[in-house]
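Structural description and commentary
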Amino acid sequence: MSELQNEVGELERKSATAARLFDIRRIIGGLFVVYGVIVTIAGLTASDADLKKAQDININLWTGLGMLALGVFFLVWLKLRPTVPPSAAELQEGQEGQEGQEPRQPQEGRGGGTD
């Protein structure tokens, strides 16, 4: 019995690692940080002609800084509130609750037309 418990524990750890790895906040935050760095560098290296086109507003610099701030926000949010996958007991309860329900049938006559 302890071998089975060890396997279940190992699978739960792998599931938690996969949930953290594929959290959408990590992907969005990482992309915003990378693109923010690129756009900020473009803003820092803008020429006078580029600034005149934008009415003397360094739009690349401000957009890059905004993207960096948003990316850092997502990554800090991920760090402060990590994803917690459901435990094996919660999954078991959810499956038992669904087994007692009848499958949903599509409702007829909702298309608005006459049959």
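A few points on the structure. (Residues numbered from 1 in each chain as written. Predicted model: local features only at pLDDT ≥ 70, side-chain atom pairs only at ≥ 80, totals over all residues. Heavy atoms only, no water.)

As for the pattern of salt bridges
Side chains carrying opposite charge are able to pair once their charged atoms draw close together. For the record, the criterion: Just to be clear on terms, a salt bridge is a Lys or Arg side-chain nitrogen sitting within 4 Å of an Asp or Glu carboxyl oxygen.
Scanning all chains against the criterion turns up 1 salt bridge. In this structure, the salt-bridge partner of Asp23 is Arg25, at a minimum N-O distance of 2.7 Å.

Overview of the packing of aromatic side chains
Defined as follows: Only Phe, Tyr and Trp rings take part, Trp by its six-membered ring, and two of them pair if their centres are within 6.5 Å. Stacked means planes under 30 degrees apart, edge-to-face means over 60, and tilted covers everything else. Helix numbers and strand numbers start at the N terminus; a helix is a DSSP run of H or I with at least 4 residues, a strand a run of E with at least 2. Burial classification: accessible surface area is computed with a 1.4 Å probe over protein chains only, and a residue below 20% of its type maximum counts as buried, one above 50% as exposed, and the rest as partly exposed. Cation placement over rings: the criterion is NZ of Lys or CZ of Arg within 6 Å of the ring centroid and within 35° of the ring normal.
As enumerated under the stated definition, the model contains 3 aromatic pairs in all. Taken together, a centroid distance of 5.9 Å and an interplanar angle of 50° make the contact between Phe74 and Trp77 tilted. With Phe74 and Trp77 both in helix H4 (residues 59-80) and 3 residues apart, this pair spans about one turn of that helix. Given a relative accessible area of 38%, Trp77 falls into the partly exposed group. These aromatic residues form a ring-pair network of at least three members: Phe73, Phe74 and Trp77. The ring of Trp77 is capped by Arg25, whose NZ or CZ atom sits 4.8 Å from the centre of that ring.

What to know about unusual backbone geometry
Phi is positive for Gln55, close to 55°, though the residue is something other than glycine. With respect to the element layout, Gln55 can be found in the loop between helix H3 (48-53) and H4. Here Gln55 falls in the exposed class, since its relative accessible area comes to 67%. Phi at Asp56 takes a positive value of approximately 60°, unusual for a residue other than glycine. Here Asp56 is to be found in the loop between H3 and H4.

Notes on H4
Condition: In this scheme, a helix's expected span is set at 1.5 Å multiplied by one less than its residue total. Directions drawn from the helix axis to the C-beta atoms are what define this arc.
Look at H4: 31 Å from first C-alpha to last across 22 residues, which is about the 32 Å you get at 1.5 Å a residue. Here H4 has its buried residues at Leu61, Gly64, Met67, Gly71, Phe74 and Leu78. Seen along its axis, H4 keeps its buried residues to an arc of 155°; they face one direction. Turned more than 90 degrees away from the buried face of H4 sit Trp62 and Leu80, all of them exposed.

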